[in-house]
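So you can see what is in the structure, the chains are spelled out below.
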Amino acid sequence: MSATDVLTVAAEGGVIGDGRTGANLALGVGLIGVAIGWLALTRVAGRISVGNARTAAMSAMAAGLVGTSLAALHLATSSGGPGTGNGMVGAVAAIPLGLIGVALGRRALARSRRTERTADRFENEQKLGSTS
């Protein structure tokens, strides 16, 4: 089974289940992206000292992107309109949720780079100051 077939089956709700399964999957993945992005931001700020903020930021961006693409694919393949029971409203709600996950991950990644550069600059100043 190719990656396109897997995404199509996931967006349509899988082999069994109603039409809301694909939208719920997209909502869940988008929510996971938001949660990981929030944790990455707290790691960069120093409130949580466990884990790597850069890895968490990249994971949040990936999960948000997957959630958004699953929601868009579900919207493209679903028939009917809102209120018909095929998960269109859930897919519409999953798109901004996934984009928020991507934005949080991007913000955490930018902050981690800035923090890294500041720490390197401080370290270099310490070395130069101690030798003179």
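Above this text you will find the structure in question.
Right, let's walk through the structure included here.

Calculation criteria
- Chains are numbered independently. Their residues run from 1 in the order of the written sequence.
- Given that the model is predicted, a residue must reach a pLDDT of at least 70 before its local features are reported, and side-chain atom pairs must reach 80 or more before they are shown or counted; all residues, however, enter totals for whole chains, interfaces and linings.
- Neither water nor hydrogens contribute to the side-chain values; these are computed over all heavy atoms in the structure.
- The secondary structure listing takes helices from DSSP runs of H or I that are at least 4 residues long and strands from runs of E that are at least 2 residues long, numbered from the N terminus.
- Classification of residues uses two cut-offs on accessible area relative to the type maximum, computed with a 1.4 Å probe and protein chains only: under 20% is buried, over 50% is exposed, and between them is partly exposed.
- All accessible-area figures derive from a Shrake-Rupley calculation using a 1.4 Å probe, and residue coverage is judged against the displayed protein chains alone.
- Take the buried Ala, Val, Leu, Ile, Met, Phe, Trp, Tyr and Cys residues and link them wherever side-chain atoms come within 4.5 Å; each set so joined is a nonpolar core.
- For this analysis, residues touch if any pair of their heavy atoms sits within 4.5 Å.

When you go through the protein chain residue by residue, the secondary structure sums to 4 helices and 0 strands. Element order for the protein chain, N to C, with α for helix and β for strand: α-α-α-α. The burial tally for the protein chain puts 32% of its 132 residues in the buried class. Total accessible area computed for the protein chain in this model is approximately 7900 Å², and 64% of it derives from carbon and sulfur atoms.

A few words on the nonpolar core. Judged by nonpolar contacts, V34, A40, L41, V44, A53, A56, A57, L104, A108 and L109 together constitute the single largest core of 10 residues. Those elements giving two or more residues to this core turn out to be helix 2 (20–45), helix 3 (53–77) and helix 4 (88–131). Here this core takes 4 residues from helix 2, the largest share from any one element. For L104, the residues in contact, after removing those within four places along its chain, are V34, G37, W38 and L41.

This paragraph deals with the environment of G101. Considering the arrangement of structural elements, one finds G101 in helix 4. Between the alpha carbons of G101 and A57 there is a distance of 9.2 Å; along the sequence they are 44 residues apart. Excluding its chain neighbours within four sequence positions, the residues that come into contact with G101 are G33, V34, A60 and M61.

Before going further, it helps to examine the side chain of T68. On the secondary structure map, T68 appears in helix 3. T68 sits in the buried class, given a relative accessible area of 14%. Excluding anything up to four places from it in sequence, T68 contacts I95, G98 and L99.

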